[in-house]
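# Notes for the structure review
Residues per chain are reported as follows:
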Amino acid sequence: MRRALASVVTLFAVAVASIGIVTTVHAAPPAKPDLGPNVLIFNPSMPQSVIQTAVNAVATQQVPNQFGTQRYALLFEPGTYGTATNPLNFQVGYYTSVAGLGQSPSDVVINGSVFVRNQCLGPDGTNCIALVNFWRSLSNLTINVHTPGFGCYNGEFWPVSQASPMRRVHVNGFTTLMDYCTPPSFASGGFIADSAFDGSVVVNGSQQQWFTRNSRVDVWTNAVWNQVFSGVTGAPQQSFPNPTFTTLATSPVTREAPYLYEDATGAFNVFLPGVQHDSSGTTWSAGATPGTSLPIDQFFIANPDDSAATINSAVQRGKNLILTPGVYHLDQSIDIQRPDSVVLGLGFPTLVPTAGNPAMTVARAKGMLISGILFDAGSTSSPVLLQVGTADRPRSDLEADDPSVLSDVFFRVGGAAAGSATTALVVNSDNVILDDIWAWRADHGTGVGWTVNTSDTGVIVNGDDVTAYGLFVEHFQKYEVIWNGNGGTDVFFQNEMPYDPPSQAAWMEAPGVDGYAAFKVADGVTSFHGFGMGSYSFFNQGVDIFAERAFEVPTSLPAGSLQDLLTIFLDPSHGKGGILHVVNESGGSSTVANPDTPVTVVSYP
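Residues numbered from 1 in each chain as written. Predicted model: local features only at pLDDT ≥ 70, side-chain atom pairs only at ≥ 80, totals over all residues. Heavy atoms only, no water.

## So, the overall build of the chain
What counts is decided by this rule: In this description a helix means any DSSP run of H or I spanning at least four residues, a strand means any run of E spanning at least two, and both kinds are numbered starting from the N terminus. Only C-alpha atoms enter the radius of gyration; for comparison, a globular chain is expected to reach 2.2 Å times N to the power 0.38, where N is the number of residues. For each residue, the accessible area found with a 1.4 Å probe, counting protein chains only, is set against the maximum for its type, and the residue is called buried under 20%, exposed over 50%, and partly exposed in between. Here, two residues are considered to be in contact whenever any of their heavy atoms come within 4.5 Å of each other.
Secondary structure summary: the chain contains three helices and 52 strands in total. For a compact globule of 605 residues, the expected C-alpha radius of gyration is about 25 Å, and the chain comes in at 23 Å, within 12% of that figure. C-alpha extents for the chain along the principal axes are approximately 70 × 55 × 50 Å. For the chain, with 605 residues in total, the buried portion stands at 63%. For the chain, the share of sequence-separated contacts (at least 6 apart) that also reach a separation of at least 24 residues comes to 67%.

In structure tokens, the structure reads:
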């Protein structure tokens, strides 16, 4: 049975049936939109006990709910929550977005912490890791860290892995990306953008890799395998491979994710940050973030009961789109055609195609902003889950001046249920910015197996001048990424090759070429830049499986087009085979002979 913990219409009600609590709070102002039963909107006038009860109830349900169907957004209106002596501290579980509703992070202040913990997978609270802390987010607020009585957990703990972004957050106090209180504490994150950390260190700890963009840190403690910084004030100096810090002084072109906010009159709007070139630091530290606002009445607010036809009818009438939390079953593609359209997800809305269709198609047009959505393959195979642009439309200079952006857009094939798709994401448009993408062919969960959750490729880029930040692509059965466009840039790439090829013969790029490269730059490409790119192997079927190389690129690329590449052999107690070269025929092998050790190429060609 579907459980709803809250309703936000004109009355805010929190009902926690499992613990017998029903609390009613005064009516919300009439300007508030109906965002559905799984969006909880808090304001500072509410008793803190009511807020604490509500957020704890969501956490109780969502912390263990890795493949469940429930989705939530916890939204905080401008003001201050908690005090130093009575702080607001709460945990964030799966499919939960926590966000401030101010126009600036300083408009919403939480005295306390918003935290994540390891998942303890063994008996009696053992084998505690963050490797599966996926699908949650924190954005657009300030945290003054106050955690009295938390013992070891004294600080802002954000030990997450993929698909768990932190954006537009200002943390005053100690921050750690590792939950060192419950070992062994392995973690595989992560993404931070447009955020600032003051007054203490940021502990990287056990995070195997991490990407931070356009932010500010006082001190970043350490590197493990692949820590990448782009436009980050206070970042460690470039030092790859010892330690493995890759640091770019500026980010070439960025556009921060759109976000919902409440203005001084109480009206809701969506803010669209502007484009930045060669930027560093946050967009908000020197004043208001540059950009434009759209009033909420320019959006169709969809709920999971709406059909694709209903949603398409609204967007064809010129509406932008807000997808409220839940799982949407779509018998046709959501089709976004109008230039400068905005599609904003709240609480990890999940789009599942049901008829072998793409879940969403986006026109090749300027300014298409897609943010905060999980695409989940259906039982009938789709050719693609999200397609951006058509291959046959001519190039437009407008796309460069007003680039399209995919922010916090995630893909899953299997895990929640058996599903299949040839490719997760295809980008045909030029000048698109990919900002935090995780495409995952599931290695655990339901409907998982070499012939069950079948999918060739995670991401195909056909457009020119596409820029990717924080590209995570894992376990696909052929090339994980194929980059066909010219002038492309990828800043940070994390990959695990498929765990489950049953034999070498079943996984061959070509006769005599073992396996598939994780990242393939097409032979005809003349310009591409990559920074901080890693690929790992863990072949767990009990037979030796090898990949000839992790990265396959034209040798004719200009010298130094690729910087700071690495491969890793994971878990020698269970893994077999390995990766024989890092890029083309360069770089050594990562096998059982050198487990959990980066094999690096600093510059290629």
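Still more ground to cover, so stick around.
## Focus on the packing of aromatic side chains
The test is simple: Any Phe, Tyr or Trp ring, taking Trp's six-membered ring, that has another such ring centre within 6.5 Å forms a pair; planes under 30 degrees apart are called stacked, those over 60 apart edge-to-face, and the others tilted. Look at NZ for Lys and CZ for Arg. If either is within 6 Å of the ring centre and within 35 degrees of the ring normal, a charge sits over the ring.
For the structure shown, the criterion picks out 38 aromatic pairs. A centroid spacing of 5.0 Å and a plane angle of 90° characterise the contact between Trp220 and Phe229, whose relative ring orientation is edge-to-face. With respect to class, Trp220 is no different from Phe229; both count as buried. With a centroid separation of 5.9 Å and 20° between ring planes, the pair formed by Trp483 and Phe519 is classed as stacked. Within this pair, whereas Trp483 is found in strand 41 (residues 481-483), its partner Phe519 is found in strand 45 (residues 519-521), the two being separated by 36 residues in sequence. Both residues of the pair, Trp483 and Phe519, count as buried. An aromatic cluster of at least three residues, connected via ring pairs, comprises Phe67, Tyr94, Tyr95, Phe134, Trp135, Trp438 and Trp440. Seen from the ring of Phe115, Arg117 lies directly overhead, with NZ or CZ sitting 3.9 Å from the centre.

## What to know about helix 2 (residues 308-316)
Defined as follows: As used here, the arc belongs to the directions running from the helix axis to the C-beta atoms.
By the burial criterion, the buried members of helix 2 are Ala308, Ile311, Asn312, Ala314 and Val315. Angular distribution of buried residues about the axis of helix 2 spans 160°; they occupy a single face of the element. Buried-residue contacts for helix 2 involve strand 27 (299-302), strand 28 (320-323), strand 29 (327-330) and strand 30 (334-336). Positive phi shows up at Gly318, right after helix 2, with a value of about 100°.

## Details of the side chain of Gln207
Along the chain, the position of Gln207 falls in the loop between strand 17 (196-203) and strand 18 (209-213). By relative accessible area, Gln207 is classed as buried at 0%. Residues in contact with Gln207, not counting those within four places in the same chain, are Pro159, Val160, Leu177, Ala187, Ser188, Gly189, Val224 and Gln227.

## Describing the pairing of strand 17
Two faces, one strand: in a regular strand the side chains alternate between the faces of the sheet. As a reminder of what qualifies: Being paired, for any two strands, means DSSP has found at least two bridges between them.
In this structure, strand 14 (residues 166-172) lies alongside strand 17, joined through three bridges in parallel fashion. Looking at the pairing, His170 lines up with Ala196 of strand 17. Looking at chain direction, strand 15 (residues 175-176) and strand 17 are connected through two bridges and run parallel. Pairing of Thr176 across the sheet is with Val203, part of strand 17. In this sheet, strand 19 (residues 216-220) lies alongside strand 17 in parallel orientation, the contact comprising four bridges.

## With respect to the state of the cysteines
Quick note on the threshold: In plain terms, two cysteine sulfur atoms within 2.5 Å form what is called a disulfide here.
Enumeration over the complete set of coordinates arrives at two disulfides. Paired by a disulfide, Cys120 and Cys128 hold their sulfur atoms 2.0 Å apart. When the S-S torsion is 105°, as for the bridge of Cys120 with Cys128, the disulfide is right-handed. Covalently, Cys152 is tied to Cys181 through a disulfide, its sulfur atoms 2.0 Å apart. Taking the sign of the S-S torsion, about -95° here, the bridge from Cys152 to Cys181 comes out left-handed. Residue Cys152 is located in the loop between strand 12 (136-145) and strand 13 (156-157), and its partner Cys181 is located in the loop between strand 15 and strand 16 (191-193); the two are separated by 29 residues in the primary sequence.

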